[in-house]
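# Structure assessment
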Amino acid sequence: MLSVFTFRRLVRASAIYDVLMTAAFATPWTFLLMREQLSAINVGLGGVPLPVFEPFHLLISSLLGSVVMVWSVLRILDPQPRFGRYDAAARVLFSTWMAWALLVTGQPVLWLFIVPELAWGLAQSLPLRRAAVREGARA
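Here goes a summary of the coordinates provided. (Residues numbered from 1 in each chain as written. Predicted model: local features only at pLDDT ≥ 70, side-chain atom pairs only at ≥ 80, totals over all residues. Heavy atoms only, no water.)

## Considerations on the packing of helix H1 (residues 4-22) against helix H3 (residues 55-77)
Between H1 and H3, whose axes approach to 8 Å, the crossing angle comes to 150°. The angle between H1 and H3 falls in the class roughly antiparallel. With respect to the hand of their crossing, H1 and H3 are arranged in left-handed fashion. Within the contact between the two elements, H1 uses Val-11, Arg-12, Ser-14, Ala-15, Ile-16, Asp-18, Val-19 and Thr-22 and H3 uses Gly-65, Val-68, Met-69, Ser-72, Arg-75, Ile-76 and Leu-77. (Axes fitted to C-alpha atoms, helices over the stretch in contact; angles between N-to-C directions. Helix = DSSP H or I, 4+ residues; strand = E, 2+ residues; numbered from the N terminus. Parallel < 35°, antiparallel > 145°, perpendicular 65-115°, else oblique. Left-handed = near helix turned anticlockwise from the far one by under 90°. Contact = heavy atoms within 4.5 Å.)

Here it is in structure tokens:
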């Protein structure tokens, strides 16, 4: 069981991780640069080059990146336990869709996203101490 203080640090750390991993998704230009790197990593892991992204694909990736960046800044500035719980739920959803894509495509680069997503989701699902839960309600 975690204290609220420890849990808040965990929520903030997961948000910082998200900024580092997602910033390149926030614009079409930065995503195109990152896509090349991800494609090379995927090939290095035994997969095939990633497909070329058309403008619509870039729009979707940039929307995702923008939303995650805003959500991350919120959790950095105000790492409430309830935000950690919502983030855990979002990570389960993200992991589910990434696992589906892994099953459909077999692209090994997806493991580099699935494993941390599941780890952060599990960590933010851990129970809080009873006293910590009451304390967190006031925070």
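## Overview of the side chain of Gln-124
The topology assignment puts Gln-124 in the loop between helix H5 (111-123) and helix H6 (130-138). For Gln-124, the side chain forms a polar contact with the side chain of Ser-14, separated by 3.2 Å. Setting aside residues no more than four positions away along its own chain, Gln-124 makes contact with Phe-7, Leu-10, Val-11, Ser-14, Gly-84, Arg-85, Asp-87, Ala-88 and Arg-91. (Polar contact = N/O pair within 3.5 Å; in protein donor to acceptor, adjacent residues only side chain to side chain.)

## Structural notes on the packing of H1 against helix H4 (residues 81-105)
Axis separation between H1 and H4 bottoms out at 9 Å; the angle between their running directions is 45°. Considered as vectors, H1 and H4 are oriented oblique to each other. For the pair H1 and H4, the crossing hand works out as left-handed. From H1, Val-4, Phe-7, Arg-8, Val-11, Ser-14, Tyr-17 and Asp-18 reach across to H4, where they touch Pro-81, Gly-84, Arg-85, Asp-87 and Arg-91. Partitioning the contact of H1 with H4 into residue classes produces five nonpolar, two polar and five charged. (Nonpolar A, V, L, I, M, F, W, Y, C, P; charged D, E, K, R; others polar.)

## Examining the nonpolar core
Counting residues in hydrophobic clusters, the biggest one holds 13 residues, and the most contacted among them are Phe-31, Met-34, Leu-38, Leu-110, Phe-113 and Ile-114. Of all the elements in the fold, those that place two or more residues in this core are helix H2 (28-44), H4 and H5. Phe-7, Leu-10, Val-11 and Ala-123 belong to the second-largest nonpolar core, a separate cluster that totals eight residues. (Core = buried A, V, L, I, M, F, W, Y, C linked by side-chain atoms within 4.5 Å. Buried < 20%, exposed > 50% of the residue type's maximum accessible area, 1.4 Å probe, protein only.)

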